[in-house]
Structure formats: C-alpha cells, structure tokens
Amino acid sequence: MRADVDKVFKALAAAERRLLLDKLRAQNGQTLGELCRHLKMTRQAVTKHLKLLEEASLVVPLWRGREKLHYLNSVPIHEIAERWIGKYERGRLRALAELKANLEGETDG
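Here's what I pulled together on the structure shown here. Along every chain, residues carry numbers that run from 1 in the direction the sequence is written. For this predicted model, a pLDDT threshold of at least 70 governs which residues receive local features, and a threshold of 80 or more governs which side-chain atom pairs are given and counted, while totals over whole chains, interfaces and linings are taken from all residues. Only hydrogens and water are removed before side-chain values are computed, so all heavy atoms of the structure are retained for them.

### Observations concerning the overall build of the protein
Let me state the cut-off plainly: In DSSP terms, a helix is any run of H or I states spanning at least four residues, a strand is any run of E spanning at least two, and both are numbered starting from the N terminus. Here the globule rule reads 2.2 Å times residues to the power 0.38, and the radius of gyration is calculated from C-alpha atoms. Each residue gets one of three labels from its accessible area relative to the maximum for its type: buried under 20%, exposed over 50%, partly exposed in between, using a 1.4 Å probe on protein chains only. Every residue pair with non-hydrogen atoms within 4.5 Å of one another is taken to be in contact. Think of it this way: Lys and Arg go in the positive column, Asp and Glu in the negative one, and His and the chain ends go nowhere. A charge is said to be at NZ when it belongs to Lys, at CZ for Arg, at CG for Asp and at CD for Glu.
The number of helices and strands found in the protein is five helices and two strands. The C-alpha atoms of the protein give 20 Å as radius of gyration, which overshoots the globular expectation for 109 residues (13 Å, by more than 25%). Expressed as lengths along the three principal axes of its C-alpha atoms, the size of the protein is roughly 70 × 30 × 25 Å. Buried positions account for 26% of the 109 residues belonging to the protein. Partitioning the intrachain contacts of the protein with sequence separation of at least 6 by distance along the chain shows that 51% fall at a separation of at least 24. Of the charged side chains in the protein, 21 are positive and 15 negative; the average position of the first set lies 10 Å away from that of the second.

This is how it looks when you write it as structure tokens:
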C-alpha cells in the first residue's frame, strides 16, 4: 500500500497532472486528442502525464474500438483523504463540537 500511496502523491505533485484530472472531472471519458485540445502541452507530454496518472490508478483507460478513453478514478484520492486528512480532522471537529456545546450550555443557565 505504501508504494501505491507514494505513486498517488507523486502524481498529484505536478500541476499539469492535476489539470488533467480537473479536465476529466469536468468531462470524463476523453481521448488523448480531446485532452490535448485545450492544453498548452505537447501530445507527448500529455501522454507521459497520463501514464503516471494511470500508474497511480487515478486515471483508468478503457478501449472503445480504436479509441482509448481516459476516466477519472477518485478512489485513491478518497483513500488519502480518509487516511491522512480525515484522521486529523476528527479531533478538530470533536473540539469544535465540544466548544459549541460548552458555549450553548453557558447561555442556557
């Protein structure tokens, strides 16, 4: 699992790859040509970025005839959120809930 998480963080580290993910979030199932159409990157650069995204399981390719469609897979991002962000947020949310309860308790009395 460690290697998979490292691949996801590496893939998310580059702004160009995050932009590709945003493009797929806006319109899933795009071909390489469709992704290249509105980007200021060469076709080769987009291909290299897509390969890293695929290795991190953030993009899943699906062949439809001769066309290779690219689909966003948000599961790895969700897993990172659960593992890294959610763990740290729980304590903060608990503290806010306790603060709210204490403040509301003070106004009741």
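### Some words on the pattern of salt bridges
Stated formally: Between Lys or Arg on one side and Asp or Glu on the other, a salt bridge is scored when a side-chain nitrogen of the former is within 4 Å of a carboxyl oxygen of the latter.
A complete count under the given rule lists five salt bridges for this structure. Here Lys-68 makes a salt bridge to Glu-54, at a shortest N to O gap of 3.6 Å. Of this pair, Lys-68 sits in strand β2 (residues 67-72) while Glu-54 is found in helix α4 (residues 43-55), placing the two residues 14 residues apart along the sequence. Residue classification places Lys-68 among the partly exposed positions, given a relative accessible area of 28%.

### Focus on the side chain of Arg-17
Residue placement: Arg-17 occurs in helix α2 (residues 15-26). One buried charged residue, Arg-17, remains without a salt bridge, the closest side chain of opposite sign being Glu-16 at 5.8 Å. Once you skip the residues sitting within four places of it in the chain, Arg-17 turns out to touch Lys-10, Ala-11, His-49, Leu-52 and Leu-53.

Read these as layout, nothing more, since geometry by itself doesn't imply function.
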